[in-house]
Amino acid sequence: MIKAIKGTKDILPDSIRNWKYFEDVITSVFKIYNYEEIRTPIFEETSLFARGIGEATDIVGKEMYTFEDRSKTSVTLKPEMTASVVRAFIEHYLGKRQPFNKLYYISPMFRQERPQAGRLREFHQFGAEALGSGSPLLDVEMINIAYDILKGMGLKDLTIKINSLGTPDSRKNYTKVLKDFLKDKENLLSTESKDRIKKNILRIFDSKHKNDIKVMKNAPKLLDYLDSESLEDFEQVKSILKSLKIPFEVDASLVRGLDYYTKLTFEIISGKVGSQSALCGGGRYDLLVEQLGGEPTPGTGFAAGMERILMACENEKSFEIQQSSIKLYIVCLDKNLNANAFSFAQTLRSNNISAEIDYLNRSVKAQMRDANKLNAEYVLFFGGEEYKANNAQLKNMASGEQEIISLDNVLNKIK
Ligand code: AMP
């Protein structure tokens, strides 16, 4: 038997209802904040991600699904959305049409990671990108949108962590300081972190290796080496968050895995999903548009993992599992009337009433069981003596009340 590829998941009808509910929460929050949806292709030229995300990142270095197509072009299934949105922004001159663009997306992403709970090879993200303004107000807006959606899903056990990565210049200065600090401690680090000293030194803060954590505890913090503009913006973000009564922690070791971040970065963590606890991450990327060939345009955004959020919801029992329901189930009492029952159902359906009938020639008892399973609001007993007078018994399933009704009046009664 052929099975789904490791790290991918079918989303079956039972859970689709929760996904739809989730998508409704997402889209309604984005509407309130005036964001417009953008959809980009599932695959892009590999160079977009290599240039946009950074060669030394884990994503580009070892996680991308990259292959040559038949015309020998190297293409990659998108591992994240920011680079694609920025590519589309540049390609379609969105910045020329209007000076400021607020965009959101919901899309599958692909990364060849080691599958485990909360870590898949195909997963779904929703997120936002705001392009054209360097205002720290927008950074706060990003945190708020993500927080509103998570709270909209009923989640409570949430921690917001923020940090600033400064400008590339202040980061460069700091990198030297960090290199100096690690000079005589290299042999205490894990092999992976040793490797990162040259390639992507900030990521050593992300290491889960206990020796690395011990060493990095005493490392100088980037926050102490920030340029004045980044520091001012960071102070503003903190003070607005405080005035909005949004709880947050400053985490000086929050570096995030992608190269393009400048200034504010943030993550929202759940206490209920185990080791893969980041539900969402984001930050400012003021140089990315330019780096990808566009006019200098500041940007800020975030991405959130939908499977992980649904896992947190399940663990917190944060919202009621969505049940399907139909308006009317037609229990056919006489097999000879199956076609008439079907026609009757069609009349209701064409009037926007969800109606179901039995297609398996089941007994009346089994049809009732089916009606219960489908959470039918009403059951119509189609056939028998009543049918001869163009009538039928209609049962209200919640109250149990049953009445004889003309078939001509069913639509008006239940709609
Ligand atoms: P990132 O784009 O790496 O900043 O990730 C943003 C969010 O996407 C994370 O906080 C996770 O919730 C989710 N995410 C990232 N990678 C995976 C994965 N392999 N499987 C499931 N969710 C993921």
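It should be emphasised that the depicted structure is a prediction, and the values quoted were computed from it without experimental measurement.

### Side note on the nonpolar core
Counting residues in each nonpolar core, the largest one holds 94 residues, and the members touching the most others are Phe30, Tyr35, Phe126, Ile162, Leu178, Leu182 and Phe302. For this core, the element with the highest residue contribution is helix 6 (residues 136–152), accounting for nine residues. Of the residues that make up this core, three or more belong to each of domain 1 (13–167 + 227–316) and domain 2 (171–213). With sequence-adjacent residues up to four places away left out, phenylalanine 126 is seen in contact with Phe22, Ile26, Phe30, Tyr105, Ile106, Ile149, Phe302, Ala303, Ala304, Met306 and Ile309. Leu328, Ala345, Ile405 and Val410 belong to the second-largest nonpolar core, a separate cluster that totals 20 residues.

### Remarks on the packing of helix 1 (residues 13–32) against helix 6
Relative orientation of the contacting elements helix 1 and helix 6 amounts to 145°, with a least axis distance of 10 Å. As for how helix 1 packs across helix 6, the hand of that crossing is right-handed. For the pair helix 1 and helix 6, contact is made by Tyr21, Phe22, Val25, Ile26, Val29 and Phe30 and by Ile145, Asp148, Ile149 and Gly152, respectively. Taken together, the residues that form the contact of helix 1 with helix 6 break down as eight nonpolar, one polar and one charged.

### Side note on the sheet that holds strand 13 (residues 355–357)
Read from one edge to the other, the open sheet built from five strands follows the order 13-12-14-15-16, with strand pairing classed as mixed. At either margin of the open sheet sits one strand with a lone partner, and together these are strand 13 and strand 16 (402–406). With direction set aside, neighbouring strand axes in the sheet form an average angle of 30°. Here helix 14 (residues 364–373) sits on the sheet in contact with strand 12 (326–332) and strand 14 (376–382), set at roughly 175° to strand 12.

### A word on the domain arrangement of the protein
Its domain assignment divides the protein into domain 1 (13–167 + 227–316), domain 2 (171–213) and domain 3 (326–414). Centre-to-centre separation of domain 2 and domain 3, based on C-alpha positions: 70 Å.

### A closer look at helix 4 (residues 82–91)
Helix 4 sits mainly inside the fold: eight of its 10 residues count as buried. Here helix 4 has its buried residues at Thr82, Ala83, Ser84, Val85, Val86, Arg87, Ala88 and Phe89. Looking at the buried residues of helix 4, the elements they touch are strand 2 (43–45), helix 2 (46–53), helix 5 (94–97), strand 5 (101–110), strand 6 (122–131) and helix 11 (288–291). The first or second residue beyond helix 4 is tyrosine 93, which carries a positive phi of 50°.

### Some thoughts on helix 8 (residues 191–199)
Turning to helix 8, its buried residues number three or more, namely Ser193, Arg196 and Ile197. Summarising the axial view, the buried residues of helix 8 lie within an arc of 115°, below the 170-degree limit, and thus occupy one face. The outward face of helix 8, more than 90 degrees from its buried face, is lined by the exposed residues Thr191, Lys198 and Lys199. Contacts made by the buried residues of helix 8 are with helix 3 (58–63), helix 7 (168–182) and helix 9 (210–217).

### Some points on the pattern of salt bridges
Summed over the entire model, instances satisfying the criterion amount to 27 salt bridges. Glutamate 91 is paired through a salt bridge with arginine 87; the nearest N and O atoms lie 2.9 Å apart. Of this pair, glutamate 91 and arginine 87 both sit in helix 4, four residues apart, roughly one helical turn. The partner of lysine 263 in a salt bridge is glutamate 229, with the nearest N and O atoms 2.5 Å apart. On the criterion of sequence distance, the pair formed by lysine 263 in strand 9 (residues 262–270) and glutamate 229 in helix 10 (residues 228–243) is long-range, its members being 34 residues apart. When salt bridges that share partners are traced, they join Asp58, Lys62, Glu192, Arg196, Arg203 and Asp206 into one network.

### Here we look at the site of the ligand
Near the ligand you find 14 residues, and of these Arg111, Glu113, Leu120, Arg256 and Ala278 are the closest. Between an oxygen atom of the ligand and a side-chain N or O atom of arginine 111, the distance comes to 2.8 Å. At a separation of 2.9 Å, an oxygen atom of the ligand approaches a polar backbone atom of alanine 278. Burial of the ligand by the surrounding chains reaches 92%, relative to a free accessible area of 480 Å². Put simply, the parts of the chain that give the shell around the ligand at least two residues each are strand 6, strand 10 (278–284) and strand 11 (299–305). It is strand 10 that contributes the most residues to the shell around the ligand, three residues altogether.

Definitions and limits used
Residues numbered from 1 in each chain as written. Predicted model: local features only at pLDDT ≥ 70, side-chain atom pairs only at ≥ 80, totals over all residues. Heavy atoms only, no water. Core = buried A, V, L, I, M, F, W, Y, C linked by side-chain atoms within 4.5 Å. Buried < 20%, exposed > 50% of the residue type's maximum accessible area, 1.4 Å probe, protein only. Helix = DSSP H or I, 4+ residues; strand = E, 2+ residues; numbered from the N terminus. Domains from an automatic or database assignment. Contact = heavy atoms within 4.5 Å. Axes fitted to C-alpha atoms, helices over the stretch in contact; angles between N-to-C directions. Left-handed = near helix turned anticlockwise from the far one by under 90°. Nonpolar A, V, L, I, M, F, W, Y, C, P; charged D, E, K, R; others polar. Pairing = 2+ DSSP bridges. Arc of directions from axis to C-beta. Salt bridge = Lys/Arg side-chain N within 4 Å of Asp/Glu carboxyl O. Near = heavy atom within 4 Å. Polar contact = N/O pair within 3.5 Å; in protein donor to acceptor, adjacent residues only side chain to side chain. Areas by Shrake-Rupley, 256 points an atom, 1.4 Å probe, with all protein chains shown as cover.

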